[in-house]
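This is what each chain is made of:
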Amino acid sequence: MRRPEEPRRAEDLLARLHHGLSAPSEHDLRAMARAATSRSRPLPPPVPSRGGLSARGIGVVGLALAAAVALGVGLGTLLAPTGTAAVAVGTGFLPQPGWTVLQTGEDATAERQALSVATNVRLHPEDHARGIRGSSGLPYSTLLELPERGVVIVGLFTRRESEPWNDEFFPERELPLRVRDALSSISYSYQVRPERPLGQYELRATVGDHHVVLHFYFGSARPAPQIFAAAQRQLDRLVVASVFPGEADAGPPTVATEPWASKIIHRPAQPAKSRVVDQTVVCAISPGNPREINVTARSGTRLFGDRSRWKTLPGVSFGDPSATSPTSPGVSAGVSAGWPPVTEIGVPLRTEALRYSVRCRPSKARVSLTTSGLPGAVAGQNGDNYDCVVPGRILVRIRSVFYAPTWLRRWRPTRYIDELVARGRSKEGALAIRTESGKPVAVATVHESGRARLFVGPSCGPSA
Amino acid sequence: MPNLDPSAERTPISARAELGEPELVRRAQLGSSAAFEQLVLARGPQVYRYFAVRLVDEASARDALQETLIAAWQGLPRLRDGSRFWPWLCGIAAHKATDAARGRSHAPLHDAQAVEPDEDGILDVRAALAALPEHFREVLLLRHLLGLSEAEVAGLLDVRLGTVKSRANRARKALEELLR
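Quick look at the structure, then. (Residues numbered from 1 in each chain as written. Chains lettered and ligands numbered in written order. Predicted model: local features only at pLDDT ≥ 70, side-chain atom pairs only at ≥ 80, totals over all residues.)

Digging into the overall build of chain B
Argument step 1. Helices and strands together make up the secondary structure of chain B, namely 8 helices and 0 strands.
Argument step 2. Traced from its N-terminal end to its C-terminal end, chain B shows the element sequence α-α-α-α-α-α-α-α. (Helix = DSSP H or I, 4+ residues; strand = E, 2+ residues; numbered from the N terminus.)

Thoughts on the sheet that holds strand β14 (residues 315–319) of chain A
Pairing between sheet strands relies on hydrogen bonds along the backbone, with the strands arranged either parallel or antiparallel.
Residue and element names in this part refer to chain A.
Argument step 1. If you trace the 8 strands from one edge of the open sheet to the other, you get β21-β22-β16-β15-β14-β11-β19-β26, paired in antiparallel fashion. With one partner strand each, in any of the chains shown, β21 (408–411) and β26 (460–462) form the two edges of the open sheet. Across the sheet, the axes of successive neighbouring strands diverge by a mean angle of 20°, strand direction being ignored.
Argument step 2. As paired strands, strand β15 (residues 332–336) and strand β16 (residues 352–357) are joined by 3 bridges and run antiparallel to one another. Across the sheet, the residue bridging to alanine 333 is tyrosine 356, located in β16. (Pairing = 2+ DSSP bridges. Axes fitted to C-alpha atoms, helices over the stretch in contact; angles between N-to-C directions.)

Quick look at the sheet that holds strand β20 (residues 393–406) of chain A
Residues and elements named next belong to chain A.
Argument step 1. With antiparallel pairing, 7 strands are arranged side by side in an open sheet as β17-β10-β20-β23-β24-β25-β18. The sheet is open, and its two edges are formed by β17 (361–362) and β18 (376–378), each paired on a single side.
Argument step 2. As judged from the 10 bridges shared by strand β10 (residues 274–284) and β20, these two strands associate in the antiparallel manner. Across the sheet, valine 281 pairs through a bridge with valine 396, a residue of β20.

Remarks on the packing of helix α6 (residues 134–145) of chain B against helix α8 (residues 161–178) of chain B
Residue and element names in this part refer to chain B.
Argument step 1. The interhelical angle for the contact between α6 and α8, taken along N-to-C directions, is 95°, at an axis separation of 8 Å. Taken together, α6 and α8 sit at an angle that is classed as roughly perpendicular. Each of His135, Phe136, Val139, Leu140 and Arg143 in α6 lies in contact with α8, whose residues at this interface are Val164, Arg167, Ala168, Arg170, Ala171, Ala174 and Leu175. (Parallel < 35°, antiparallel > 145°, perpendicular 65-115°, else oblique. Contact = placed C-beta atoms within 7 Å.)

Brief notes about the nonpolar core
Argument step 1. If you look at the biggest cluster of nonpolar residues, it comprises 102 residues, and the most contacted ones within it are Ile153, Phe216 and Ala231 of chain A together with Phe51 and Leu142 of chain B.
Argument step 2. Ranked by residue count, the leading element in this core is helix α2 (residues 33–55) of chain B, at 12 residues.
Argument step 3. When sequence neighbours within four positions are dropped, the list of residues in contact with leucine 142 of chain B reads Cys90, Ala94, Leu148, Val153 and Leu156 of chain B.
Argument step 4. Val335, Leu408, Val443 and Cys460 of chain A belong to the second-largest nonpolar core, a separate cluster that totals 45 residues. (Core = buried A, V, L, I, M, F, W, Y, C linked by C-beta atoms within 7 Å. Buried ≥ 20, exposed ≤ 12 C-beta atoms within 10 Å, placed from the backbone.)

Some points on unusual backbone geometry
Residues and elements named next belong to chain B.
Argument step 1. Positive phi, normally seen in glycine, also occurs at aspartate 158, with a value near 60°.
Argument step 2. For aspartate 158, the location among the structural elements is in the loop between α7 (150–157) and α8.
Argument step 3. With 8 C-beta atoms counted inside 10 Å, the residue aspartate 158 sits in the exposed group.

In short, shape yes, function no, at least from these values alone.
This is the structure we're talking about:
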């Protein structure tokens, strides 16, 4: 131990210790906070006479809310009051007549939530002044003065890939979400306005690539059915920006100017889900001399000391060598199996078990997964790599069997990565490549047990 | 697999807390996860450092911090006075640290990944702290690493104020003696 010439005071030593210790990054802290807030709070005490939103109550179509409407004043593009909305809203609410919408105007990122508030009353000047960020998404002053027929809906949107471990707290739902699925979130200690209780409800959902939390605040603890219906009409105008396969790259959803605030230009339909994702695509390979692809198979490796977790998942994939240049992306595809996904410090958890480049286009050709006639073996844990000479276009079939239904979705984390991926726990997968004339190039399989196998045709040789 | 290190996109914390902590607490109690996130950004590093010293290794400190944040989120509605958030959070942290430390021996200091190169004798201080009796160490950490008052420490440990003062005094002397 160090023995300084003069004794040091304990306070100084501890202060030095405090400043000498590292701390988690802001990103890690945000992730931890989100992991915490995704947990449900203890059940609140029962709500007097109305515990939840009944389907019966919702089913009653109400009267117009003209009397409760007060138009908000503009806050630049952040605020979209009735009748004036003509800006892109990304993820958030499109205002229905008589409603005012306040939102961040951007989609959620891995770093930051997107927030949106919709209300059928005038926003309190303090909430105006703070804007949505400064108010932490909660227009508190507005809530304190919320009239009996007033409604405030607060939406929080988080990118799912930034917190996939929270999926269990966000059930898969489709747009439009339903107010009747919301649960009461009232308890004495966090009632916004104990002296004149609000009706407070919460709805959680996974919508496409987003986790969504909606807080409903009603001016009365016992809202009339027509108030619920009005909230539902606004909820029908919730947009969660997502892109699904087969759609044009339409960019963020926008609000039509005519008829104003009533039409969502781009609200994708959710594709059908299935336990088996099986795609055959045709991929153009970059020119080369010779033109070739790289095929890789790697058996999984368990973590030393914890056999229930993976150090490396079993996986098979192919890539166009030009894909190594980020500015000139080639095509690639791959499947993996095994669970749970590998956690890497500082890297968002990747839960896709099947992926392929969007540049590969769907094909109706038949590609067999049979390995007969092809030499091959179980792949090593360090990866077996082969270079295969191929023509300008190849047919690729990728197939994964999942434990729960899933679907292909667009994954575009950077300018240079643009893929369709299927996420979830995969039992097994396969990748088969052949030429358009029918010559097999490679067939590879993976299984959740950790084993990957690779069989290659005569055009392939071990990578140098 | 692409490198998606999100640290490249870090945003400054400076945008934090136009609102005071009691107001953020209030909003978090009402269900604002954004407000809770701001509280975590402001207070999380300090709590983490406390865990890093008490539990020695980084992984345990992170786990304990995560458990503390979950407990805090779930327990916030029961916090009556928002201005007491910090000592309340420290109380949760202290209990989580006790739970985590129970039954485990102190790891060797060379495993302490959270420590920077020992230019300021930090390892010495940590070694000395580790050598202190548990009740001495706890008082020192709560007072000087988490910044609680003696009265708050007394309330948290459920002992009398005089006991805290006595322990703190003896702990300081013991620490200085160990590092002499």
